[in-house]
Amino acid sequence: MSSTPPSHDPPLSVNQFKLLGQRRFAPFFWTQFTNAGNDNLLKFAFTMLVTYRAEAQTGLPAGLMVNLIAALYVLPFVLLSATAGQLADKCDMGVIMRRIKTFEIVIMLAALWGFITVNVPLLLACVLGMGLHSTLFGPVKFAYLPRHLHTAELTGGNGMTEMGGFVAILLGSMVGGVLMTYPQGPVFAGAACLAVALAGWTMARFVPRTPPLCSDTRINWNPFSATARSLKLAAADRPVLVALIAIAWMWFYGVAFLTQFPIFTREVVHGSEAVASMLLVIFAVGIGLGSVACEWMAHGRVEIGLVLVGAIGMSVFGIDLYFATQNLPHNGQLQTLTLFLREGEHWRLMVDLLLVSASAGIYSVPLYAFIQHRVAETHRARVIAASNMLNALFMIACAAYCAVLLTAGVGVPMLLLTVAVFNALVVAWLVRTQPVYGRRFVAWLLRRKIAAGS
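Calculation rules
Within each chain, residues carry numbers counting from 1 in the order of the written sequence. Whole-chain, interface and lining totals are the exception, using all residues; otherwise, since this is a predicted model, local features are given only for residues with pLDDT of at least 70 and side-chain atom pairs are given and counted only at 80 or more. The side-chain quantities take in all heavy atoms of the structure and omit both hydrogens and water. Runs of E in the DSSP output that reach at least two residues are strands. Runs of H or I that reach at least four are helices, and both are numbered from the N terminus. Atoms counted for the radius of gyration: C-alpha only. Globule rule: 2.2 Å times the number of residues to the power 0.38. Residue burial is assigned from relative accessible area. The probe radius is 1.4 Å, only protein chains are included, and a residue is buried under 20% of its type maximum, exposed over 50%, and partly exposed in between. Residues are treated as being in contact if the distance between any of their heavy atoms lies within 4.5 Å. Residue-level accessible areas treat just the shown protein chains as cover; the underlying method is Shrake-Rupley with a 1.4 Å probe. For this count, His and the chain ends are skipped, Lys and Arg are scored as positive, and Asp and Glu as negative. Every charge is mapped to an atom, namely NZ of Lys, CZ of Arg, CG of Asp or CD of Glu. The nonpolar core is taken to be a set of buried Ala, Val, Leu, Ile, Met, Phe, Trp, Tyr and Cys residues, with the residues joined through side-chain atoms within 4.5 Å. We define a salt bridge as a side-chain nitrogen of Lys or Arg found within 4 Å of a carboxyl oxygen belonging to Asp or Glu. Confidence scores per residue from the predictor, reported as pLDDT, run from 0 to 100. Stacked, edge-to-face and tilted labels apply to pairs of Phe, Tyr and Trp rings (six-membered ring for Trp) whose centres lie within 6.5 Å, assigned for plane angles under 30 degrees, over 60, and everything in between, in that order. Throughout this description, the term charge over a ring refers to an Arg CZ or Lys NZ atom that lies within 6 Å of the ring centre and within 35 degrees of the ring normal.

Caption draft 1: Highlighting the overall build of the protein chain. When its secondary structure is counted, the protein chain shows 17 helices and 0 strands. A globule of 454 residues ought to have a C-alpha radius of gyration of about 22 Å, and the protein chain, at 21 Å, matches this closely. Across the 454 residues in the protein chain, those meeting the buried criterion constitute 58%. Sequence separation of 24 or more characterises 85% of the internal contacts of the protein chain that already satisfy a separation of 6 or more. Element-wise, carbon and sulfur atoms account for 67% of the exposed surface of the protein chain, whose accessible area totals about 17700 Å². If you average the places of the 30 positive and of the 19 negative side-chain charges in the protein chain, the two averages end up 8 Å apart.

Written out as structure tokens, the structure is:
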């Protein structure tokens, strides 16, 4: 595999899948793949534990525990993203990745013990630790790509990364759900978490050196002033700030869906753990398909017009999902996967989930490519850290929003409907604030029409 850094001249042709055969991308891809997979294996297995097995031990309703897990995971993003961005700008990114993966092994050793003993407080601490782990990894993940990819490869590279991340979410969540169906599920889940951590540590050994461009950066260990400085860097360029807020909203939207899947499956769809895992599979596959499709839709450009394509789909199919949940069949028992698939009413729901998530993939990839392309290399990681901090704030806000509505007796379908409606308002704000999104969307539609007619 080649490790030669790219020149600034774009390649004559772009094939995003060929990147998987090159050292400048492949070890990084599999490192972040295992990172996303393990995050979700731990969280989903833990969520299934408190939803189906250990609700009485927590002292809290399952719905609130699910949102507590989500909030604990994102808390380090709020407090330490700015520090992580400084480290990514100051240090070799390959070295940072290897040290982060070593830390992950320690966390998963603790998680294994937590699952064996069904120690809920210890598992909550491990979720917090994985949040810290991913906080440190986040700025490196998105600052690494523009250092090793051509401009014309950015959309495809981001699409592959997003696709890989959400396929990993799919596999991690699916494995976590499937393992928890066995009598010894908690033990199996803990062992799987440790195995994936070791695989990620191995892949990180092959990530090429990425020397810092700003090695004289002084680390500000005060999380509050460091956060303020990172936000100031991001706010200095208004289009970048708007893109960061648009990405943060996507995480609000996504968390609203992902964190409610166990409750949605049990109380709305009336399905078993296997059904919950399958719905997560559909959601993750959709995001992967949408992310990979961006390269084909953009033709090697950094095409922000695609943001509106995705945003419109997120609202349209999110609203239809609500109507798809009305009058679902229920015989008083949790349905197995086979019984669930036999009911025709469930197929509309599954198609909506697939299209909602595919739209989210189409929405997010151009935004990340735009930020990477526009922000200067010397402080790119700090701006991405500001993005991660905003993402975390929006995710915590989402967890609080969901908890308030669930506590007030609002059902999950209505909760998700409100999010889809709010998304339409975000689209309107985005076009009003940055009309270029609307112009590029229209230009993209015209190009597609011309291409179809030729």
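Caption draft 2: Representation of the environment of Thr336 in the model. Examined against the element boundaries, Thr336 turns out to sit in the loop between α12 (306–324) and α13 (337–342). Using a relative accessible area of 41% as the deciding quantity, one classes Thr336 as partly exposed. Put simply, Thr336 and Asp89 are 247 residues apart on the chain and 50 Å apart in space, counted from C-alpha to C-alpha. The contacts of Thr336, once residues within four sequence positions are left out, are Ser272 and Val275.

Caption draft 3: A look at the nonpolar core. Core analysis: the biggest nonpolar cluster contains 126 residues, and Leu42, Phe46, Leu279, Leu349, Leu353 and Tyr363 have the highest contact counts within it. If we skip the residues at most four places from it in the chain, Phe46 touches Ile69, Phe115, Val120, Leu123, Leu124 and Val127. In terms of nonpolar packing, the next biggest core, distinct from the first, is built from 7 residues, Met297, Leu306, Ile362 and Val365 among them.

Caption draft 4: Spotlight on the pattern of salt bridges. Evaluated as defined, the whole model comprises 5 salt bridges. The salt bridge involving Arg209 is made with Asp92; its shortest N-O contact spans 3.6 Å. Placement of the pair is Arg209 in the loop between α7 (185–204) and α8 (223–235) and Asp92 in the loop between α3 (62–90) and α4 (93–117), with a sequence separation of 117 residues. Look at Arg209 and you get exposed, because its relative accessible area is 59%. The exposure class of Asp92 is buried, given its relative accessible area of 9%.

Caption draft 5: View of the environment of Ala143. For Ala143, the position within the fold is in helix α5 (residues 120–148). For Ala143, a relative accessible area of 2% translates into the label buried. Distance in space between the C-alpha atoms of Ala143 and Gly85 is 9.2 Å, their sequence separation being 58 residues. Residues in contact with Ala143, not counting those within four places in the same chain, are Met93, Arg380, Ala381 and Ile384.

Caption draft 6: Highlighting the confidence of the model for the protein chain. This prediction gives the protein chain a mean pLDDT of 82; 91% of its residues lie at or above 70. The weakest mean pLDDT in the protein chain belongs to helix α2 (residues 55–58) at 54; the strongest belongs to α7 at 93. When the criterion is pLDDT under 50, residues 1–13 qualifies, and its contacts beyond four places in sequence or with other chains add up to 23 contacts.

Caption draft 7: Geometry of the side chain of Ser359. Within the secondary structure, Ser359 sits in helix α14 (residues 345–374). Here Ser359 falls in the buried class, since its relative accessible area comes to 8%. Contacts of Ser359, omitting those with residues within four sequence positions, involve Gly310, Gly313, Met314 and Phe317.

Caption draft 8: View of the packing of aromatic side chains. Counted according to the given criterion, the structure contains 14 aromatic pairs. Measuring from ring centre to ring centre gives 6.1 Å for Tyr182 and Phe188, while their planes differ by 70 degrees; the resulting arrangement is edge-to-face. By relative accessible area, Tyr182 is classed as partly exposed at 42%. Its end group placed over the ring of Tyr73, Lys43 keeps NZ or CZ at 3.8 Å from the ring centre.

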